[in-house]
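# Coordinate analysis (summary)
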Amino acid sequence: MRVIGGTHPAGVACASPNVAGVFVIRALLPLCLLLTVASASAQVQRSRPEIPLTPAQERQYRALLPQLRCLVCQDESLSDSQAPLAGDLRYEVRGLVARGRSDVQVKRYLVQRYGDFVLFKPPFKPSTWLLWAGPFLIAAVALSTVAVYLRRRVRRPLPDAAVDPESLRRLLDQER
Amino acid sequence: MRRLAYLLPLAVLAGLVGLFAVGLHRDPSRVPSPLLDKPAPASTLPVLETSGQVVQPPDMKLSALRGQPLLVNFFASWCVACRDEHDFLLQLAREHSVRIVGIDYKDTDQAARRWLADNGDPYALVLADRLGDAGIDWGVYGVPETFVIDAAGVIRYKQIGPLTEADFRAHVAPLLGSG
Amino acid sequence: MISELGHFALMLALGLALVQAGAPLIGYRRRQPRWLATAVSAAQAQFLAVVVAYACLTYAFVTCDFSVAYVAANDHTQLPLAYRISAVWGAHEGSLLLWVTVLAIWTLAVSLFNRRLPREIGALVLGVLGLISIGFLLFMLLTSDPFVRAYPVPAEGHGLNPVLQDPGLAMHPPMLYMGYVGFSVAFAFAIAALISGRLDTAWARWTRPWTTAAWMFLTLGITLGSWWAYNELGWGGWWFWDPVENASFMPWLAGTALVHSLAVTEKRGLLKSWTVLLAILTFSLSLLGTFLVRSGVLVSVHAFAEDPSRGLFVLCFLGVVVGTALLLFAWRAPKLVTEGEVRLVSREGLLLLNNAFLAACAGAVLLGTLYPLVIDALQLGKISVGPPYFNAVFAPLFVPLIVLVGFAAVLGWKRGRLRESLRRLRWPAAVAVLIAALLPLALVHRNTLAVAAGCLLGAWALATALAEIVRRLRGREWLPALAATSRSIWGMTAAHAGLGLWAIGVALALGFSAERDLRLAPGAMVNVAGYQFAFQGTEQVQGPNYSAQRGSVLVSYNGETIAQLHPEKRNYPAAGQVMTESAVSWNLARDLYVSLGSGYDDGSWSLRLYVKPGVRLIWLGGVLMFCGGLLAISDRRYRLAMRATAAVADEAVAA
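Summarised in this report is the structure supplied together with it. Please read all numbers here as calculations on a predicted model, not as lab measurements.

Taken together, the contact pairs 32 residues of chain C with 21 residues of chain B. Summed over both partners, the interface of chain C with chain B comes to about 2,400 Å²; 76% of that surface belongs to carbon and sulfur atoms. Across the chain C-chain B interface, the total number found is zero salt bridges. The tally of links between chain C and chain B comes to zero residue pairs in polar contact (both at pLDDT 80 or more). Residue assignment for the side of chain C that touches chain B shows that the elements contributing at least two residues are α10 (272-295), α11 (308-332) and α12 (347-377) of chain C. In terms of residue count, α11 of chain C provides more of the side of chain C that touches chain B than any other element does, twelve residues in total.

For helix α16 (residues 449-473) of chain C, which comprises 25 residues, the first-to-last C-alpha distance of 35 Å matches the rise-based estimate of 36 Å (1.5 Å per residue) to within 8%. Taken from the residues just after α16 of chain C, Gly475 of chain C is the one with a positive phi, measuring 70 degrees.

Residues and elements named next belong to chain B. It is the contact of helix α2 (residues 80-95) with helix α3 (residues 109-119), at a shortest axis distance of 11 Å, that shows an interaxial angle of 55 degrees. Classified by the angle between their axes, α2 and α3 sit oblique to one another. Note on packing geometry: the crossing formed by α2 with α3 is right-handed. Contact residues: α2 offers Cys82, Arg83, His86 and Leu90, while α3 offers Trp115, Leu116 and Asn119. Broken down by class, the residue content of the contact of α2 with α3 amounts to four nonpolar, two polar and one charged.

So, on to the state of the cysteines. Residue and element names in this part refer to chain B. One pass over the full model with this rule turns up one disulfide over all chains. Between Cys79 and Cys82 runs a disulfide, and the two sulfur atoms are separated by 2.3 Å. Across the disulfide from Cys79 to Cys82, rotation about the S-S bond amounts to roughly 95 degrees, and the bridge is consequently right-handed.

Residues and elements named next belong to chain C. Among the structural elements, Thr464 can be located in helix α16. The class for Thr464 is buried, based on a relative accessible area of 6%. Excluding its chain neighbours within four sequence positions, the residues that come into contact with Thr464 are Gly406, Leu425 and Pro428.

Once that is clear, we can look at a nonpolar patch on the surface. Residue and element names in this part refer to chain C. A cluster of nonpolar side chains, namely Leu5, Phe8, Leu12 and Val52, defines an oily patch on the protein surface of about 340 Å² accessible area. The leading source of residues in the nonpolar patch is helix α1 (residues 2-30), at three residues. With respect to the helices and strands, the residue Leu12 is situated in helix α1.

For the rest of this paragraph, the subject is unusual backbone geometry. Residue Val143 of chain B is joined to Pro144 of chain B through a cis peptide bond whose omega torsion reads 0 degrees. Mapped onto the elements, Pro144 of chain B comes out in the loop between α4 (133-137) and β6 (145-149). In this chain, Tyr151 of chain C is followed by Pro152 of chain C through a cis amide linkage whose omega measures -5 degrees. Look at Lys414 of chain C: it is not a glycine, yet its phi comes out positive at around 65 degrees. Assignment of secondary structure puts Lys414 of chain C in the loop between α13 (387-405) and α14 (418-424). By relative accessible area, Lys414 of chain C is classed as partly exposed at 38%.

Before going further, it helps to spend a moment on the pattern of salt bridges. Residue and element names in this part refer to chain C. Going through the model one piece at a time under the given rule, you end up with 35 salt bridges over all chains. Here Glu4 makes a salt bridge to Arg149, at a shortest N to O gap of 2.7 Å. Taken together, the residues Glu4 in helix α1 and Arg149 in the loop between α6 (119-143) and α7 (167-196) connect sequence positions 145 residues apart. On the basis of relative accessibility, which here comes to 39%, the residue Glu4 falls in the partly exposed class. A salt bridge links Arg570 to Glu568; its shortest N-O distance comes to 2.8 Å.

Turning our eyes to something else, we now look at the pairing of strand β4 (residues 100-105) of chain B. Residues and elements named next belong to chain B. Among the six residues of β4, six are classified as buried, and the element is accordingly described as predominantly covered. What you see with β4 is no split at all: Ile100, Gly102 and Asp104 on one side and Val101, Ile103 and Tyr105 on the other are buried throughout. With five bridges joining them, strand β3 (residues 70-75) and β4 adopt parallel strand pairing. For Leu71, the partnering residue across the bridge sits in β4 and is Ile100. Two strands pair when backbone bridges link them, and β4 and strand β5 (residues 125-129) are joined in this way by five bridges, in the parallel orientation. From the neighbouring strand, Ile103 faces β5, where its bridge partner is Leu127. Taken together, β4, α3 and β5 constitute a β-α-β crossover, and its handedness is right-handed.

On to the nonpolar core. Ranked by internal contacts, the top residues of the largest apolar core, which has 208 residues, are Trp106, Trp203, Leu253 and Ile280 of chain C. Discounting chain neighbours no more than four positions away, the residues touching Trp106 of chain C are Met178, Val181, Gly182, Val185, Trp210, Ala213, Ala214 and Phe217 of chain C. Leu53 of chain A together with Val101, Ala128 and Val172 of chain B belong to the second-largest nonpolar core, a separate cluster that totals 75 residues.

Turning our attention to the environment of Pro613 of chain C. Residues and elements named next belong to chain C. On the secondary structure map, Pro613 appears in strand β10 (residues 605-613). Taking C-alpha positions, Pro613 is 3.9 Å from Arg590, a pair spaced 23 residues apart along the chain. Setting aside residues up to four positions removed in sequence, Pro613 forms contacts with Val444, Gly505, Leu508, Ala509, Phe512, Ser513, Ala589 and Arg590.

As enumerated under the stated definition, the model contains 37 aromatic pairs over all chains in all. Ring geometry for Phe75 of chain B and Tyr123 of chain B: centres 4.8 Å apart, planes at 20 degrees, overall stacked. Here the residue Phe75 of chain B occupies a position in strand β3, and Tyr123 of chain B occupies one in the loop between α3 and β5, the gap between them amounting to 48 residues. Measuring from ring centre to ring centre gives 4.6 Å for Tyr531 of chain C and Tyr557 of chain C, while their planes differ by 35 degrees; the resulting arrangement is tilted. One end of the pair, Tyr531 of chain C, is in strand β3 (residues 531-542); the other, Tyr557 of chain C, is in strand β4 (residues 547-557), with 26 residues separating them in the sequence. For Tyr531 of chain C, a relative accessible area of 13% translates into the label buried. Overall, the relative accessible area of 28% leaves Tyr557 of chain C in the partly exposed class. Cluster of aromatic residues (ring-pair linked, three or more members): Trp132 of chain A together with Trp215, Trp239, Trp241, Phe249, Trp252, Tyr389, Phe390, Phe394, Phe398 and Trp502 of chain C. The side chain of Arg332 of chain C reaches across the aromatic face of Trp331 of chain C, ending 5.2 Å from its centre.

All names here are of chain B. The strand order across the open sheet formed by five strands is β5-β4-β3-β6-β7, and the pairing between neighbours is mixed. Every interior strand has two partners, whereas the edge strands, β5 and β7 (155-160), have only one. Within the sheet, the average angular offset between the axes of one strand and its neighbour, ignoring direction, is 20 degrees. With respect to the sheet, α2 is in contact with β3, β4 and β6, its orientation differing from that of β3 by roughly 155 degrees.

Parameters and conventions
Residues numbered from 1 in each chain as written. Chains lettered and ligands numbered in written order. Predicted model: local features only at pLDDT ≥ 70, side-chain atom pairs only at ≥ 80, totals over all residues. Heavy atoms only, no water. Contact = heavy atoms within 4.5 Å. Buried area = accessible area lost by both parts, 1.4 Å probe. Salt bridge = Lys/Arg side-chain N within 4 Å of Asp/Glu carboxyl O. Polar contact = N/O pair within 3.5 Å; in protein donor to acceptor, adjacent residues only side chain to side chain. Helix = DSSP H or I, 4+ residues; strand = E, 2+ residues; numbered from the N terminus. Expected span 1.5 Å × (residues − 1). Axes fitted to C-alpha atoms, helices over the stretch in contact; angles between N-to-C directions. Parallel < 35°, antiparallel > 145°, perpendicular 65-115°, else oblique. Left-handed = near helix turned anticlockwise from the far one by under 90°. Nonpolar A, V, L, I, M, F, W, Y, C, P; charged D, E, K, R; others polar. Disulfide = S-S within 2.5 Å. Buried < 20%, exposed > 50% of the residue type's maximum accessible area, 1.4 Å probe, protein only. Patch = residues over 30% accessible without salt bridge, like charges linked within 9 Å, V, L, I, M, F, W, Y side chains within 5 Å. Areas by Shrake-Rupley, 256 points an atom, 1.4 Å probe, with all protein chains shown as cover. Pairing = 2+ DSSP bridges. Right-handed = clockwise from strand over helix to strand, strands pointing away. Core = buried A, V, L, I, M, F, W, Y, C linked by side-chain atoms within 4.5 Å. Phe/Tyr/Trp six-rings, centres within 6.5 Å; stacked < 30°, edge-to-face > 60°. Lys NZ or Arg CZ within 6 Å of the ring centre and 35° of its normal.

Written out as structure tokens, the structure reads:
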């Protein structure tokens, strides 16, 4: 499979044979970065007028970008990605922010077009209840297991036979 | 009961392996469109005149094309995968008389004209999305992508990546036949 | 010729691994000491065979032998020598060979250092390691042979991916693998304990240094990876919560829990079945990481369709190895009864809480990483689980751990004295509050509640660790007092201090990073967080295997020049790729970071400028944790104790 500039990400664009499957942190992501640089030259990029933002809007815009996922380099946010589509979407988001749209409205605009996939922070709805509650459920189960364990253990005396002289000596060493 | 607790990790493993076995057969990068079964976006785009024809009016509203089912195909002259599906699109237009509207995505008009002259023109109509704005409205995130629109102007299917004959038979042909 | 030799060596290694795995298991069953002894020789011979294979591939890379397909795909005649050597593990097949080589190194170490273990335990451990080796050798030989010939022989190779041409990344995979694969030793010990039924404090003492060693390499590997990503990716991030990172972070969390629960099992003989389970889970998570990265079920950017057999193979292997281990666990573990009193206010009580929170952290990362896959498999749509999610759920679970760390040194085993402990923590607590209030002011001349809270946590861990050192040295001669304290205590102190530094670094970097992303003409100047960045233009420079646009950015503060930075935009013609090389000027207080975006016809460039206070502390903390591990495994009690128990065990056998 050869690298093809600007083609569809589904199965083609962001991969190349010599690195696909490298067992290395983030080997895949920068690869995407590289290729989209190449594809950017293939695509026709027209420069568009800068959209001016007020300082408050600029802050809103900067805070929004990392929460939105680039659809081409799918491990990058819109703030990081150099894919041409990410540039277009940044421009779109900038325009929406300039027109006074709220965070929720901007996200809704993107979700209507690309689905929940564009949100790096998944929405809270029935299919994600478990996702959001899960970590805290796990913590609760773990802590209650500890509590039960401690309650069962608290009054059980240490039988002498369980201590070999050597470990006793080590315990004493440790206390010192 | 106590014994069962020791089997719990094994049960979790079984669940995970099952999950991965399913996951191995799915492509995680394909993002289904939320636009399915919704009316096609009403983008208005300039018509790209090909082979000397002059079309009036110069701009075209996509929603005006309703009345019979059609394919909307996003393509570009710089896109290599588009070349791969092009022959099949030509065949569709020729042999199955499928109406295909091409949307030339982030491209120059001259390059697209040359490309269509060189490779053949399967499109009933070509519209130019020079900045990629229509692409965003349609949720396009790469080319080629192909949408099936029914007679009522509702999106019924989206093909991500090149349209192959197998995909056409499985997903597209039934929609065109019934629509 | 060389490639055939390498291929042959791999097959030989497979044969030897079969002996290494089979002989001890049969020998154990038939109580044949001679069979057991075979394991050691087989393990050492297998090591030699694997090293020969590895050397062959390295030789092929160094000499640019493009008749080997893998070399042709990843090597280039213009590639500098150091990167030719590191290119061996630059892609799938070679990194798998590195995996197997690292496993052989660990196996050799076990066969050398564990001569004093009871014979059957040592042999069983080698046997289990042999089984794992068989799996990976088969994986390589059946689906990913690095020695396959290319025909016709290409005149030039494709070259190593430019992003991998970085010293940080060259060292990152070997360290990471030392960690991942090192947990296989703890796993093997756990299986040996379940088979033999011998699971006591001595077992914990044998297992502990191996686990700590693996943990410290993994810590260093992750730290290097983070540092590399920061330098090389061009947008100043140091952690991204992407599936590949999570794949390495989950074994780290489980391994950290294991290191702590082993302490309880060693000192108190408690938590036996939990410790064994953790040892199994930690290595399972390493295997899971391998699967996630190589199968493409999660990371979308490499095409899965290339070779589905690889993903399937790892999945089957994972299922068999982990399934067997957990089945053995379900069968044998209920018989492991432990006696003894445990109180919450004691070191073991503390460690129980530590394990509970670490398990929850690992669970949270696992859940977040796999959830999109679950939703997709259930046809409920596609969702993304990214940094905002992980930051939101991970922080509340990780913060208690840092709080707990402060009590580590002051609470004794069995029955801690709460009041006295709290009294001893008064001073460190006061120091921590002071640091939290003043450090941000000193560095960036302002403070916020969030940053102060983060710094308070980090300073708490740091100050309590330092207080422990002060306490042990106070009123005594320095050197004897240093020597009198066991190195495992120093190790713990260093690791906890490292955690503190890390937390302070995270708080500062998250809270006070300043960033500008803008287009500058040569001669233009811009202010970021009080620093003046003057863009002086770019020039064309030539590297060994790339050409680059080299920018010059002069940074000054209060009119005084403090750094001259040269970010580059490199073009690697062999790979046909463009690569951003950022430039960083750093000290412990802050990083000044510049990377080039794209150039324009009029000579102006888009630049990314960052000022990141405290970001170095994040990696320094990781390095300190590594040093802590190093100190802990050099503790003399492991060496002495090993000798003593072996003597006892031999007597028992003789009797």
